[in-house]
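# Analysis of the macromolecular model
These are the residues of each chain, in order.
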Amino acid sequence: MAELSLPVEIWLKVFSFLQNVDLKSIGLVSRHFRGLAAPLFFTSVSIRLGRFPTSYDEIGINPQTFDEEKEEEAALGSLIQSFRVVLANAQHMMVFERKHVRLALRNMTKLRHFAWHGDRLPLDVAQEIAASRPTIESLHVHGLEYDCATALENLANLQDLQLIDANSSSAIEAGFSDGQPYSAFNNILISNQHSLKRLSLGGSTAWGNSASLLRVADSLTHLAISDAQDCPGLDLFLRRANSLESLTLLDVCSLACFANTPADKDILPYLRDLKLSIDHLPHEDELGIGTISPDMAALSESLRAFVGRHTGLRRFDFSLWPTQECSDVHPNGWFRVVVEAVHLLEGVSALGLSFPALEEAEQIELLEELCRGTPSLETCTALRLDGISDTSMEKVLERAQPAFLSLSNMRHKEYCEPTHGLPSLGELFSLSSMCDLEQVCLGGRLFDTELPNAAIWSEERVCFRTLEDFCCEDAYWLMSYRTIEKDYDPDYNELIPIAIM
């Protein structure tokens, strides 16, 4: 047969690049191909739990009635290398569902990637991972309780540790209560200081373990910190992070860490991705809890100087939270500096900008300046613009031809009535330059734009989106660590959730 003319190893290498839907078709070609494709088909498994109320847990299903020793289950488990558990509703997760997750883990002798999305990792599942999964290289858990961190101390082969949700703009914190030491998380970092490449964590965990964070500075290639605030000690980390390729700082109120790095030293020589979300620093005054507005002039100057030393960035994302506390600072001046920073970039494949509250004439002027001074805009495959109007938006779309486009007339975390309208989906397609558009996020709704129909994403798909949901990796990066905005209904004067269609 023709399929036997090539060595099995070559066929396996070819099949390893295929998605499951293609592997299924390959398996129908012949018995030989089915035998080669079947193990690859089950290397990655994703399940969703918590779909039904917990009262269903009382219907008499006994987990012990299931045969835990079936040979076929053990054989199937030995094929799985990636296991992802998604909780559609954490309150509805049933006892036997969690038990079967533990039983399944026992058979996954070659498991390398484990993810638990939707709630904190249960202690019994963490113990099961630690007891029998020394091969784990990637662990994604949104929030890590102290007991769970203690159970996972012995994992010593981690390359990817994600403690915050990449589909949200804020983290579930590490869960350490007052008085509890950070020793457990310290031990995880110490055990993996030579292997760890990717790390995301909350600000209090990062700064509470700043000494341990320095231990992994030489090995990390990707770092994301939520609730970063004024980034205490980050400048020391940046001086040592010679391998860092991607940096994400969420809820930042100061970029002094950029300004404090020495100008005569080549800091972060391999940095390619930079994502910043500007926030306000809470403080306690005579009237109670208030906020300190960041010094946007100093922040924008620090950003421009930093970008000037890293003009080779391939992805750049700048998000802003404008509130009433910023009303005394006119944004036209400092935001123009941010636009000038974008001009310095030699070529970007993903670009995100949140415009501050501007008059429409000022907004159009800055967008025109952005178009004139950013030649790489034409090469962007993913573009996000927040806080813009439907008229000024056309200035950008005359030049940009992205595969993914996100437009919003609200800014990051700005829950108030928008002052400008947005174009409809049909108006976007009426522009001749948008012929290659594959996906759109329009005012908080995500669409697959395959004509003649544009399918809207379900709320569940938005909440648990992965790289495979997007048309390109740049689009996924641009929408990562973001809570997809919700529509504002002026009739009810409140936010309403995205409709499920």
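Note: the structure precedes this text.
Let us look at the structure shown here. (Residues numbered from 1 in each chain as written. Predicted model: local features only at pLDDT ≥ 70, side-chain atom pairs only at ≥ 80, totals over all residues. Heavy atoms only, no water.)

When you go through the protein chain residue by residue, the secondary structure sums to 19 helices and 20 strands. Counting contacts in the protein chain only where the partners sit at least 6 residues apart, residues at least 24 apart contribute 68% of the total. (Helix = DSSP H or I, 4+ residues; strand = E, 2+ residues; numbered from the N terminus. Contact = heavy atoms within 4.5 Å.)

With that out of the way, let us pick up the pairing of strand 15 (residues 404-408). Summarising burial for strand 15: five of the five residues are buried, a large majority. By the bridge criterion, five bridges tie strand 14 (residues 382-386) to strand 15 in an arrangement that is parallel. Counterpart to Leu385 in the pairing with strand 15 is Leu407. Pairing of strand 15 with strand 16 (residues 439-442), which is carried by four bridges, proceeds in the parallel orientation. Across the sheet, residue Leu407 finds its bridge partner in strand 16, namely Leu442. (Buried < 20%, exposed > 50% of the residue type's maximum accessible area, 1.4 Å probe, protein only. Pairing = 2+ DSSP bridges.)

It is worth spelling out the packing of aromatic side chains at this point. Two numbers describe a pair of aromatic rings. These are the distance of the centres and the angle of the planes. Per the counting criterion, the structure on display carries 11 aromatic pairs. The residue whose ring lies beneath Lys275 is Trp477, and the NZ or CZ to ring-centre distance is 4.3 Å. (Phe/Tyr/Trp six-rings, centres within 6.5 Å; stacked < 30°, edge-to-face > 60°. Lys NZ or Arg CZ within 6 Å of the ring centre and 35° of its normal.)

The next thing to look at is the nonpolar core. Membership of the largest hydrophobic core comes to 103 residues, with the highest contact counts inside it found for Phe114, Phe237, Phe258, Phe316 and Phe318. Looking at which element gives the most residues to this core, the answer is helix 14 (residues 331-343), with six residues. Listed in part, the 14 residues of the second largest apolar core include Phe404, Ala475, Trp477 and Met479. (Core = buried A, V, L, I, M, F, W, Y, C linked by side-chain atoms within 4.5 Å.)

With respect to the helices, strands and loops of the structure, Glu369 is situated in helix 15 (residues 360-373). Classification of Glu369 as buried rests on a relative accessible area of 15%. There is a polar contact of 2.6 Å between the side chain of Glu369 and the side chain of Arg336. Not counting the four nearest positions on each side in its chain, Glu369 is found in contact with Arg336, Val339, Glu340 and His343. (Polar contact = N/O pair within 3.5 Å; in protein donor to acceptor, adjacent residues only side chain to side chain.)

If you check the backbone angles, Asp251 has positive phi at about 55 degrees while not being a glycine. Turning to its location among the elements, Asp251 is positioned in strand 8 (residues 246-252). With a phi angle near 55 degrees, Tyr481 is a residue other than glycine that sits in the positive phi range. Note on placement: Tyr481 falls in the loop between helix 19 (473-479) and strand 19 (487-489).

Taken as a whole and assessed by the stated rule, the structure comprises 17 salt bridges. Measuring nitrogen to oxygen at the nearest pair gives 3.7 Å for the salt bridge that ties Arg315 to Glu473. Taken together, the residues Arg315 in strand 12 (residues 315-319) and Glu473 in helix 19 connect sequence positions 158 residues apart. Judged by relative accessible area, which is 6%, Arg315 ranks as buried. Linked through salt bridges whose partners overlap, the residues forming this network are Asp273, Arg314, Arg315, Glu473 and Asp474. (Salt bridge = Lys/Arg side-chain N within 4 Å of Asp/Glu carboxyl O.)

Before going further, it helps to spend a moment on the pairing of strand 2 (residues 82-87). The element strand 2 is largely enclosed, with a buried count of five among its six residues. Bridge analysis of strand 1 (residues 44-49) against strand 2 gives six bridges, and the strand direction is parallel. Paired with Ile47 across the two strands is Val85, which belongs to strand 2. Direction of pairing for strand 2 relative to strand 3 (residues 113-117): parallel, over a ladder of five bridges. Bridge pairing in strand 3 links Val86 to His117.

To continue, consider a nonpolar patch on the surface. On the surface, a nonpolar cluster with roughly 220 Å² of combined accessible area is contributed by Leu6, Ile10 and Val14. Tracing the backbone shows Ile10 in helix 1 (residues 8-15). (Patch = residues over 30% accessible without salt bridge, like charges linked within 9 Å, V, L, I, M, F, W, Y side chains within 5 Å. Areas by Shrake-Rupley, 256 points an atom, 1.4 Å probe, with all protein chains shown as cover.)

What follows deals with the side chain of His310. Tracing the backbone shows His310 in the loop between helix 13 (296-308) and strand 12. Given a relative accessible area of 6%, His310 falls into the buried group.

Applying the stated rule across the entire model yields zero disulfides. The cysteine Cys257 is free of any disulfide, with Cys231 supplying the nearest cysteine sulfur at 4.4 Å. (Disulfide = S-S within 2.5 Å.)

Attention now moves to the environment of Val45. Relative to the helices and strands, Val45 resides in strand 1. Counting along the chain gives 69 residues from Val45 to Phe114, while the straight-line C-alpha distance between them is 9.9 Å. Dropping the residues within four chain positions of it, Val45 is found in contact with Ile80, Ser82, Phe83 and Arg84.

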